[in-house]
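# Chain and residue survey
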Amino acid sequence: VIAEEFKRETEYCTFCPKMCRFVCPTAIAENRETVTPTGRQTLLYLIQRGGAELDSEAAAVFHQCTGCGLCTEYCDHDIEVYPVMLSARAAAVKEGIVLPQTRHVLDNYLQYGNPYGNLLPAYLNKVGQRLLREAQIFYVPDVTAVARNQASLDATLRVLEKLGAENVALWPGPMLCSGYNLHALGFEDEFRAHAVAFAEVAAGARTLVFASPHDALTVTQHYPEHGVKLDSRVITESEWLDEMIGKRQIASQTQRRVLYHDPCAQGRGLGQYEAPRRIITRINGVAPLEFSWNRNESKCCGWGGGYAFTVPESAKVIARQRIEEAVEETPDEIVTASPSCAGQLQAAGSSSVPVYDLMSWLAMRLS
Amino acid sequence: MSSVASLPVIGQPVREALGVLFGEHVSFRKTDRLAYHRDLMPGSLLTVREGEASTCPDAIVWPQTVQDIVALLALANEHKFPIVPYGAGSSVVGAAIPIRGGVICDLKRKARLVRMDEKSLLYTAEAGILGEDLERKLNAAGFTCGHFPSSMYCSTLGGWLAMRSAGQMSTRYGKIEDLVVSLEAVLPSGQVIQTRNAPRSATGPDIDQLLVGSEGTLGVITRATLRMFPLPETRRFASAVFATVEQGLEAVRSIMRIGCRPAVVRLYDEVDTALALSSLGLDVTGNLLILGYEGRERIVSSELAASHEALADGRDLGEEPGKWWFEHRYKISYKQSIILANDRMVLDTLEVAATWTRVLDVYAAVKKALEGYVTVLAHFSHAYPEGINIYFSFVGHAGETRPVEFHQEMWRRALGAVAESGGSISHHHGIGLLKAPWLKRELGGLHEAFVAFKAELDPNNILNPGKMGLP
């Protein structure tokens, strides 16, 4: 029986009057009852009882969840739907049901240690000088940003120089991320192997700084679930920057209308809301503007949960809806603590408002 | 998955035509068909609980324009297949269940707040907009829709209109039929009608009121203009506990009689009070009455003062129970999951309207009919000068009986008691499948006229057939 360990979650959502459907990003983007938390869980419930089959069509439904967790904010029972969907996805993979659009992601992970392909040579070339140092701190970039544009690393290097960051090396690879998308897409065995390999490289590092809150969430929450434990202190990029900037004199006070987007993984996932806001306030001179849906009620950008791989068009719809919400606040720019989220919002492409990840924004404003 | 695999009502030519009309916005996938096979009628959830799906639709379409719907209805008339208009599927009486297959017409792509006329206090919105989205958009401009069903998070404007729904503050703001000013709808023939915005008119029978509550059987409501209200300056509560239901009802009746318009009127009977007050941590027995007023401070103060005179027979509990209720006003909907997760339990709710002359008879009759069968809780809400709604909640254990059958018997007893004691079988949930047999009894010869009218308007019987006791 698939997702057996989530009996309560599946039953409660199946019999719920869809109290969270109005905040579910996939339900809103697709207007389909099938992909509401209730719809997905009802399908799972019926499969468990022989009323439906676990096939590729059903597996596709289980992939229609970004893992944003906003549904839980509107659940009196604190049901977390995403872990149930992850379990169902993994069960489908074990049955040999792999969605065609996820196969190349798996292949890239197996061959190159990341979801996008052969990024390592160019990456090493770019960050070489930072690799050579003896370091106590590893900075793990966001592989989605790296894949999109290797130049994004320049911003990181500039900020590290500007802030005089000592004892910091960039992550040496060969795998360039935590394996978040392996986990999200249900490739559990491959994820476990990836996690073990990642932990071997990380061994001995005092601190791991993750540019991607999705990676930070993965190593702190999902690695232990798979028996992999990191000895290092794990912090997000914004926590780390907040620590460093907090000690320094900052000249830049740009006073722009900066709108901050909480990445789901950083906010609801890791419970971190204030560090990026403090950084923006410090650099900009005024506190960031807020979306009407912010902090623990922040809406998703569509990137998480493997959704941008499995249903890219709907993921863009979700991003466009977030941009539309942003425009109502008339910002000069949008900043988010996740480079992946920034890329997703940029790709929505319908707005004249620029979107930056925190590091890129900082590189720009500090210069 | 026999129901998904059952013989389709629509053939290949219709499938192809739907593909041409709707492109990527039509689905024949079995997962979608399964998702749309039920609404929130507890009886249909009991079937799901047994691991079964009843009849599934053959397809789901998501129109974006009125012309899409016109074309869909033309196709349905030509090939004679059913169309079930669908908002968010929150009907608790089976109104959105595609009992004869056919095509679900999901209106959620039509979900814009089109305009606000702040001077006339009107807004126009498309039928597929979700309640909470609508309210937040109006709030951002300083207004409220005044309509707060407990399904606020999971129901649409079109659904409210089609089912003749009520919000928790309907005593002040009115039910949806009081709020609607004009409608756009597509009739079964494909004719698009748009009624005129006017505060009132004497231009013959009210077409809006014919379509409101027609549950998708007479037309597809596509947009509507409704009244809105400035956000209240203040919101204040009063509460008292009464020794008997009768005393509590007398208090409400006298408040309505002197012309007060509380937003919230909720008189809980002893069983329901025990539940409500235990959540509040208050150790009080009796029948709790919560009154809530909102609007301009001076008016609210006057109404509260006037109401206090009517509460003299009760014991004053202050503002706290009302504030607590307001903070938790949608929470009751979450309880359903806890009960239905137990595979022998059944539950349901029944909302009946009765005049002040009849209300105690109806209340007693329903309690008696279900005595020893299920636990009955009740509160009285949605008050009028002429009477009030009784909202019963039933919870029971099916024992050795199949829960679906136990549930059916519960309804037979409850609605039989309502009919015999002079209540109306629905105040705001509508009829759908669940109450259809009793609708004929309540309407008598009028139901035959309704059937004849429907046949005239929809000769091919394409719109939501089999609901409301219609063929």
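Residues numbered from 1 in each chain as written. Chains lettered and ligands numbered in written order. Predicted model: local features only at pLDDT ≥ 70, side-chain atom pairs only at ≥ 80, totals over all residues. Heavy atoms only, no water.

A separate point is the overall build of chain B. Assigned secondary structure in chain B consists of 19 helices and 18 strands. Taking 23 Å as the expected radius of gyration for a compact globule of 471 residues, we find that chain B reaches 22 Å, a close match to that expectation. Across the 471 residues of chain B, 59% fall into the buried class. Carbon and sulfur atoms provide 52% of the accessible area of chain B, an area that totals close to 18500 Å². Between the centroid of the 48 positive side chains of chain B and the centroid of its 52 negative side chains there is a distance of 3 Å. (Helix = DSSP H or I, 4+ residues; strand = E, 2+ residues; numbered from the N terminus. Rg over C-alpha atoms; globule rule 2.2 N^0.38 Å. Buried < 20%, exposed > 50% of the residue type's maximum accessible area, 1.4 Å probe, protein only. Areas by Shrake-Rupley, 256 points an atom, 1.4 Å probe, with all protein chains shown as cover. Lys, Arg positive; Asp, Glu negative; His and termini not counted. Charge placed at Lys NZ, Arg CZ, Asp CG, Glu CD.)

All right, on to the overall build of chain A then. The helix and strand inventory of chain A stands at 20 helices and 8 strands. Here the C-alpha coordinates of chain A stretch approximately 65 × 45 × 30 Å along the principal axes. The buried share of chain A, reckoned over its 367 residues, is 64%. On chain A, roughly 13200 Å² of surface is accessible, and the fraction owed to carbon and sulfur atoms is 47%. Here chain A carries 34 positive and 43 negative side-chain charges, and the mean point of each set is 5 Å from the other.

Residues and elements named next belong to chain B. Relative to the assigned elements, serine 91 resides in the loop between strand 3 (83–86) and strand 4 (103–106). Relative accessible area serves as the criterion here: at 11%, serine 91 is assigned to the buried category. Here the side chain of serine 91 touches valine 93 through a polar contact of 3.1 Å, landing on its backbone nitrogen. Filtering out sequence-adjacent residues up to four positions away, serine 91 remains in contact with Asp39, Leu40, Met41, Ala96 and Met163. (Polar contact = N/O pair within 3.5 Å; in protein donor to acceptor, adjacent residues only side chain to side chain. Contact = heavy atoms within 4.5 Å.)

How big an interface is tends to be expressed through the accessible area that disappears when the partners come together. Between chain B and chain A, the contact holds 39 residues from the first and 35 residues from the second. Summed over both sides, the interface between chain B and chain A buries roughly 3400 Å², with carbon and sulfur atoms accounting for 60% of that surface. Three residues stand out in chain B for area buried against chain A, namely Thr31, Tyr153 and Tyr334 of chain B, and they jointly supply 18% of the buried area on that side. One can count 4 salt bridges joining chain B with chain A. Where aspartate 76 of chain A meets lysine 331 of chain B, a salt bridge forms, and the shortest distance between an N and an O atom there is 2.8 Å. Where chain B touches chain A, the interface holds 19 residue pairs in polar contact (both at pLDDT 80 or more). Among the elements of the structure, helix 3 (30–35), helix 4 (42–49), helix 6 (131–140) and helix 15 (332–340) of chain B are those that each provide at least two residues to the side of chain B that touches chain A. Sort the elements by how many residues they give to the side of chain B that touches chain A and helix 15 of chain B lands first, with 6 residues. Residues of the side of chain B that touches chain A, tallied by class, amount to 18 nonpolar, 8 polar and 13 charged. (Buried area = accessible area lost by both parts, 1.4 Å probe. Salt bridge = Lys/Arg side-chain N within 4 Å of Asp/Glu carboxyl O. Nonpolar A, V, L, I, M, F, W, Y, C, P; charged D, E, K, R; others polar.)

To continue, consider the packing of aromatic side chains. Centre distance and the angle of the planes are the two values used to describe a pair of aromatic rings. All names here are of chain A. For the structure shown, the criterion picks out 24 aromatic pairs over all chains. Consider the rings of phenylalanine 198 and tyrosine 223, whose centres lie 6.1 Å apart with planes at 75 degrees: the pair is edge-to-face. Residue phenylalanine 198 is found in helix 12 (residues 188–202), and its partner tyrosine 223 is found in helix 13 (residues 213–225); the two are separated by 25 residues along the sequence. Judged by its relative accessible area of 0%, phenylalanine 198 is buried. The class of tyrosine 223 is buried, set by a relative accessible area of 0%. Pairwise contacts between aromatic rings join Phe138, Trp171, Phe191, Phe198, Phe210 and Tyr223 into one cluster. For arginine 322, the ring lying beneath its charged end belongs to phenylalanine 291, and the centroid distance is 3.5 Å. (Phe/Tyr/Trp six-rings, centres within 6.5 Å; stacked < 30°, edge-to-face > 60°. Lys NZ or Arg CZ within 6 Å of the ring centre and 35° of its normal.)

Here we take up the pattern of salt bridges. For the structure shown, the criterion picks out 40 salt bridges over all chains. Residue lysine 316 of chain A pairs with glutamate 313 of chain A through a salt bridge whose shortest N-O separation is 3.6 Å. One end of the pair, lysine 316 of chain A, and the other, glutamate 313 of chain A, are both in helix 18 (residues 312–327), 3 residues apart, so they sit about a helical turn from each other. Glutamate 313 of chain A sits in the exposed class, given a relative accessible area of 53%. Here aspartate 458 of chain B ties to lysine 454 of chain B by a salt bridge, and the two come within 2.7 Å at their closest N and O atoms.

Turning our attention to the pairing of strand 3 (residues 207–210) of chain A. All names here are of chain A. Residue alternation in strand 3 divides its side chains into two sets, Thr207 and Val209 and Leu208 and Phe210, and both sets are buried. Pairing between strand 1 (residues 137–140) and strand 3: 4 bridges, direction parallel. Looking at the pairing, phenylalanine 138 lines up with leucine 208 of strand 3. In terms of strand pairing, strand 3 meets strand 4 (residues 233–236) through 4 bridges, oriented parallel. If you follow phenylalanine 210 over to strand 4, its bridge partner there is threonine 236. (Pairing = 2+ DSSP bridges.)

Attention now moves to unusual backbone geometry. Residue and element names in this part refer to chain A. Put simply, glycine 173 and proline 174 share a cis peptide bond, and its omega is 10 degrees. By the secondary structure assignment, proline 174 is in the loop between strand 2 (168–170) and helix 11 (180–184). Phi is positive for lysine 18, close to 55 degrees, though the residue is something other than glycine. Mapped onto the secondary structure, lysine 18 falls in the loop between helix 1 (7–14) and helix 2 (25–30). Given a relative accessible area of 5%, lysine 18 falls into the buried group. For arginine 295, which is not a glycine, the phi torsion comes out positive at approximately 50 degrees. Note that arginine 295 resides in the loop between strand 6 (289–290) and helix 17 (307–310).

Residue and element names in this part refer to chain B. Of all 5 residues making up strand 6 (residues 122–126), 5 are buried, and the element is well covered by its neighbours. Side chains Leu122, Thr124 and Glu126 of strand 6 all project onto a buried face; the interleaved residues Tyr123 and Ala125 project onto the opposite face, where all are buried too. Summarising the sheet, strand 5 (residues 113–117) and strand 6 pair through 4 bridges and their orientation is antiparallel. If you follow leucine 113 over to strand 6, its bridge partner there is alanine 125.

On to the sheet that holds strand 14 (residues 287–295) of chain B. Residue and element names in this part refer to chain B. Taken in spatial order, the 7 strands line up as 15-12-14-13-17-18-16 in an open sheet, and their pairing is antiparallel. What marks the edges here is a single partner per strand, and that holds for strand 15 (315–316) and strand 16 (345–355). Pairing analysis gives 3 bridges linking strand 13 (residues 264–268) to strand 17 (residues 375–384), with the strands arranged antiparallel. Bridge pairing in strand 17 places tyrosine 268 opposite histidine 379.

A few words on the sheet that holds strand 9 (residues 192–194) of chain B. Residues and elements named next belong to chain B. Pairing is antiparallel across the open sheet formed by 5 strands, whose spatial order is 5-6-10-8-9. Two strands close off the open sheet at either side, each with one partner strand: strand 5 and strand 9. Shown here is a sheet whose adjacent strand axes are inclined to one another by a mean of 15 degrees, direction ignored. Together, strand 8 (180–186), strand 9 and strand 10 (220–227) form the strand contacts of helix 5 (residues 66–79), whose direction differs from that of strand 8 by roughly 50 degrees. (Axes fitted to C-alpha atoms, helices over the stretch in contact; angles between N-to-C directions.)

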